[in-house]
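So you can see what is in the structure, the chains are spelled out below.
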Protein chains: 2
Amino acid sequence: MIASTPEPPYWVVVFTSQRADGGDAEYADTAARMEELAAEQPGFLGIESARSPGGLGITVSYWDSREAVEAWRANAEHLVAQRRGRDEWYVDYAVRVGRVERERRMPRQ
Amino acid sequence: MIASTPEPPYWVVVFTSQRADGGDAEYADTAARMEELAAEQPGFLGIESARSPGGLGITVSYWDSREAVEAWRANAEHLVAQRRGRDEWYVDYAVRVGRVERERRMPRQ
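Figured I'd write up the structure that's included with this text. No experiment lies behind these values; they were computed from the predicted model shown. (Residues numbered from 1 in each chain as written. Chains lettered and ligands numbered in written order. Predicted model: local features only at pLDDT ≥ 70, side-chain atom pairs only at ≥ 80, totals over all residues. Heavy atoms only, no water.)

## Describing the environment of Trp-11 of chain B
Moving on, step 1. Relative to the assigned elements, Trp-11 of chain B resides in strand S1 (residues 10–19).
Moving on, step 2. The spatial distance from the C-alpha of Trp-11 of chain B to the C-alpha of Trp-63 of chain B is 4.9 Å, given a sequence separation of 52 residues.
Moving on, step 3. Apart from the residues within four sequence positions on either side, Trp-11 of chain B is in contact with Glu-101 of chain A together with Ser-61, Tyr-62, Trp-63, Asp-64, Ser-65, Arg-66, Val-69, Val-97, Gly-98 and Arg-99 of chain B. (Helix = DSSP H or I, 4+ residues; strand = E, 2+ residues; numbered from the N terminus. Contact = heavy atoms within 4.5 Å.)

## Digging into the pattern of salt bridges
Moving on, step 1. For the structure on display, the rule yields 22 salt bridges over all chains.
Moving on, step 2. Taking the shortest distance from any N to any O, the salt bridge between Asp-92 of chain B and Arg-105 of chain A comes out at 2.6 Å. With Asp-92 of chain B in strand S4 (residues 90–105) and Arg-105 of chain A in strand S4 (residues 90–105), this pair bridges two chains.
Moving on, step 3. Put simply, Glu-77 of chain B and Arg-33 of chain B hold a salt bridge, and the shortest N to O gap is 2.8 Å. Taken together, the residues Glu-77 of chain B in helix H3 (residues 76–89) and Arg-33 of chain B in helix H1 (residues 24–39) connect sequence positions 44 residues apart.
Moving on, step 4. Each of Glu-26, Arg-84 and Glu-88 of chain A takes part in salt bridges that share partners, so that together they form one network. (Salt bridge = Lys/Arg side-chain N within 4 Å of Asp/Glu carboxyl O.)

## Some thoughts on the relation of the copies chain B and chain A
Moving on, step 1. Note on the identical chains: chain B maps onto chain A by a rotation of 180 degrees and an axial translation of 0.0 Å, with an RMSD of 0.0 Å. Taken together, the rotation and translation relating the two chain copies correspond to the operation of a two-fold axis.
Moving on, step 2. Comparing interface residues between copies, 100% of those in chain B also sit at the interface in chain A, which points to an isologous, same-surface contact. (Least-squares fit on C-alpha atoms with pLDDT ≥ 70 in both.)

## With respect to the packing of H1 of chain B against H3 of chain B
All names here are of chain B.
Moving on, step 1. Interaxial distance between H1 and H3 falls to 11 Å at its minimum, and their mutual angle equals 150 degrees. Relative to H3, H1 is oriented roughly antiparallel. Judged by the sense of rotation from one axis to the other, the crossing of H1 with H3 is left-handed. Only Glu-77, His-78, Ala-81, Arg-84 and Trp-89 of H3 make contact with H1, whose side of the interface consists of Glu-26, Tyr-27, Thr-30, Arg-33, Met-34 and Leu-37.
Moving on, step 2. When the residues that make up the contact of H1 with H3 are grouped by side-chain class, the tally is five nonpolar, two polar and four charged. (Axes fitted to C-alpha atoms, helices over the stretch in contact; angles between N-to-C directions. Parallel < 35°, antiparallel > 145°, perpendicular 65-115°, else oblique. Left-handed = near helix turned anticlockwise from the far one by under 90°. Nonpolar A, V, L, I, M, F, W, Y, C, P; charged D, E, K, R; others polar.)

## Topic: the sheet that holds strand S1 (residues 10–19) of chain A
Within a sheet, neighbouring strands are paired by backbone hydrogen bonds and run either parallel or antiparallel to one another.
Moving on, step 1. The strand order S2(A)-S3(A)-S1(A)-S4(A)-S4(B)-S1(B)-S3(B)-S2(B) describes an open sheet built from eight strands, whose pairing is antiparallel. Here the strands that pair on one side only, and so sit at the sheet edges, are strand S2 (44–51) of chain A together with strand S2 (44–51) of chain B. Recorded for the sheet is a direction-independent mean angle of 25 degrees between the axes of neighbouring strands.
Moving on, step 2. Pairing analysis gives eight bridges linking S1 of chain A to strand S3 (residues 56–63) of chain A, with the strands arranged antiparallel. (Pairing = 2+ DSSP bridges.)

## Some thoughts on the packing of aromatic side chains
Each pair of aromatic rings is reported with the distance of its centres and the angle of its planes.
Moving on, step 1. In total, this model carries 16 aromatic pairs over all chains according to the counting rule given.
Moving on, step 2. Judged by centre distance (5.6 Å) and plane angle (70 degrees), the rings of Tyr-27 of chain A and Trp-89 of chain A are edge-to-face. Pair noted here: Tyr-27 of chain A is in helix H1 (residues 24–39) and Trp-89 of chain A is in helix H3 (residues 76–89), with a separation of 62 residues, a long-range link. Side by side, Tyr-27 of chain A and Trp-89 of chain A carry an identical accessibility label, which is buried.
Moving on, step 3. Note on Tyr-90 of chain A and Tyr-93 of chain A: the rings are 5.9 Å apart at their centroids and 75 degrees apart in plane angle, and the pair reads as edge-to-face. Neither residue differs from the other here; Tyr-90 of chain A and Tyr-93 of chain A are each classed as buried.
Moving on, step 4. An aromatic cluster of three or more residues is present, and its members are Phe-15, Tyr-27, Trp-89, Tyr-90 and Tyr-93 of chain A.
Moving on, step 5. We note Arg-19 of chain B situated over the ring of Tyr-27 of chain B; from NZ or CZ to the ring centre the distance is 4.2 Å.
Moving on, step 6. The aromatic ring of Tyr-62 of chain A is capped on one face by Arg-96 of chain B, whose charged end is 4.2 Å from the ring centroid. (Phe/Tyr/Trp six-rings, centres within 6.5 Å; stacked < 30°, edge-to-face > 60°. Buried < 20%, exposed > 50% of the residue type's maximum accessible area, 1.4 Å probe, protein only. Lys NZ or Arg CZ within 6 Å of the ring centre and 35° of its normal.)

Have a look at this one:
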């Protein structure tokens, strides 16, 4: 469940969100579909997701270039989901795009 | 609960983890203490955290410089917690450090 990413540098998108009430089934379907669709895009390296019950959700996706990040942002089916997110599913969100410079994985024990 | 961060560039630490069984109370105390301690460090900009029940946890902290990230990593009380994390609390984790180049917040509606 923790993504296996290559040696840095690579790119990261941190999507933090607070859900509005309701629409749980459709939201869950769309979220799963977006993870599946992201994984089909050029330059996709991995994705990690967590949501505290009734609290914050954080989805982190990894990409091999900034161009890959921008292409995913502009994907037609993704744009439709983004609009529904703004209009229906979230009361607040933030998207941050950055360049990963260093990675450390837990040492094998 | 979503951090209010300044105009990029700034730095991000994405800490993704999978908990081992047990030690829940001590772990929760230490996690809360680490959030409190991080917020007292020079260059701290904000923190966001989510954990799916029985699943992945993601904590994202924001810093004004790479030096601030490195100083937090080397903080003495934080080093003690990191060691307990490796030895007791996690079965797997990854830490990724990057430079945030772009941020978008949900438009006010």
